[in-house]
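Structure at a glance
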Amino acid sequence: MLNKNIYLILIISLVFAISFWIGFNVNLLPAEASINAPIYDELFKILFIIGLIIFIGMTIAVIYSLFKFRKRNDQIGDGIALEGNLSLEIVWTIIPSIIVLLIGLYSYNIYDRMGGMRELNHNHEMMSSNSEKIWAGISQTSDNQVSNNLSIEVSAMQFAFLFNYPKGNFISGELHVPVDQKVSMKMESKDVIHAFWVPEFRIKQDIIPGQPTVLNFTPTKVGKYPIICAELCGPYHGGMRASIIVEEESDYNDWFNKNKKTEVNL
Ligand SMILES: [Cu+2]
């Protein structure tokens, strides 16, 4: 009996060790290109490790049972019927409940750190009237910082994204932003529900007709990343993509000055 327990403890420790090793050394996610990304990846890592522990543990239990409880040559029927096991049932209810509760609290903490619980900018500089309702956003800024943000208006339609730069009075099919600067986007759909998703930024936000949504982010890595519509929006939904180009401020300014309408007062 003692021997059996030692084996069990050894196997469980091994499963934990392997899961933690894989969790910390195998990276399944794309590059981290916004300040949200490392925060999000913390949560992903924890979920990945919990998933690995359960997956590897279950696989070992199934393989062990296949051999241990296989039908013997002289065996007829299924054997003695099993009665309930109250203590086992209590354990397998309480442990998952605790895990799910902790994941829930931790997810809330991550969402809060990403700015999701913060009050949305009531004095949003792009708001056309005070009565306009803007909701559901990731906000990294407090209200008084909003005016320093780069403001962009996003329109989504079947099957494209358009980016309006109000300060330059022009519209672009490609989203250009300077690195390490806060970007504040107000997004609206012309037809059905779409979603703005940049995997490298670890952010996604729905774009809804008649109900503007907000998304704030700060890119941290120069490069070109895909913008993907992540809401099934029609037959060519899969082709609804654009690019976000994160560039050094001087490159961004060159691009901006080349595109802006000259008569506009900056
Ligand atoms: Cu779409």
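All residue numbers here refer to positions counted from 1 along the written sequence of the relevant chain. Totals for whole chains, interfaces and linings use all residues, but because this is a predicted model, local features are given only for residues with pLDDT of at least 70 and pairs of side-chain atoms are given and counted only at 80 or more.

1. Considerations on the environment of D41
For clarity, the cut-off: Under the DSSP-based scheme used, a helix requires at least four consecutive residues in state H or I and a strand at least two consecutive residues in state E, with every element numbered from the N terminus. Once C-beta atoms are placed from the backbone, any two residues with those atoms within 7 Å are in contact.
The residue D41 is located in helix α2 (residues 36–68) in this model. Taking the C-alpha atoms as reference points, D41 and L29, 12 residues apart in sequence, are found 8.2 Å from one another. Setting aside residues no more than four positions away along its own chain, D41 makes contact with L29 and E32.

2. A short note on the confidence of the model for the protein
Threshold: Per residue, pLDDT measures the predictor's confidence, with a range of 0 to 100.
In the predicted model, the protein carries a mean pLDDT of 86, and 86% of its residues have values of at least 70. Within the model, pLDDT remains below 50 along residues 123–130, and this stretch shows 14 contacts once partners closer than five positions in the same chain are excluded.

3. What to know about helix α3 (residues 86–113)
What counts here: Here a helix's expected span is defined as the number of its residues, less one, multiplied by 1.5 Å. Using C-beta atoms placed from the backbone, we call a residue buried if 20 or more other C-beta atoms fall within 10 Å of its own, exposed if 12 or fewer do, and partly exposed for counts in between.
In a regular helix each residue adds 1.5 Å, so 28 residues correspond to 40 Å; α3 covers 41 Å between its end C-alpha atoms and thus fits that length. The element α3 is largely exposed, with a buried count of zero among its 28 residues. A positive phi of about 100° marks G115, the residue just after α3.

4. Concerning the nonpolar core
As a reminder of what qualifies: Here, a nonpolar core denotes buried Ala, Val, Leu, Ile, Met, Phe, Trp, Tyr and Cys residues that are linked to one another through C-beta atoms within 7 Å.
Membership of the largest hydrophobic core comes to 30 residues, with the highest contact counts inside it found for V154, M185, M187, F196, L215, I227 and I244. Contacts of M187, omitting those with residues within four sequence positions, involve V154, A156, F196, Q205, I207, P212, T213 and L215.

5. A word on the sheet that holds strand β10 (residues 223–229)
Formally: Two strands are said to pair when DSSP picks up at least two bridges between them. Axis lines are fitted to C-alpha atoms, over the contacting stretch for helices. Their N-to-C directions set the angle, which ranges from 0 to 180 degrees.
Strands sit in the order β5-β11-β10-β7-β8 across an open sheet of five strands; the sheet is mixed. Single-partner strands in this sheet number two, and they are β5 (175–178) and β8 (203–207). Neighbour to neighbour, the strand axes of the sheet diverge by 25° on average, direction disregarded. Here six bridges tie β10 to strand β11 (residues 241–247), and the two strands are oriented antiparallel to one another. Residue pairing across strands places Y225 opposite I244, the latter belonging to β11. Strand contacts of helix α4 (residues 249–259): β5 and β11, with the helix running at about 140° to β5, the strand carrying the most contacts.

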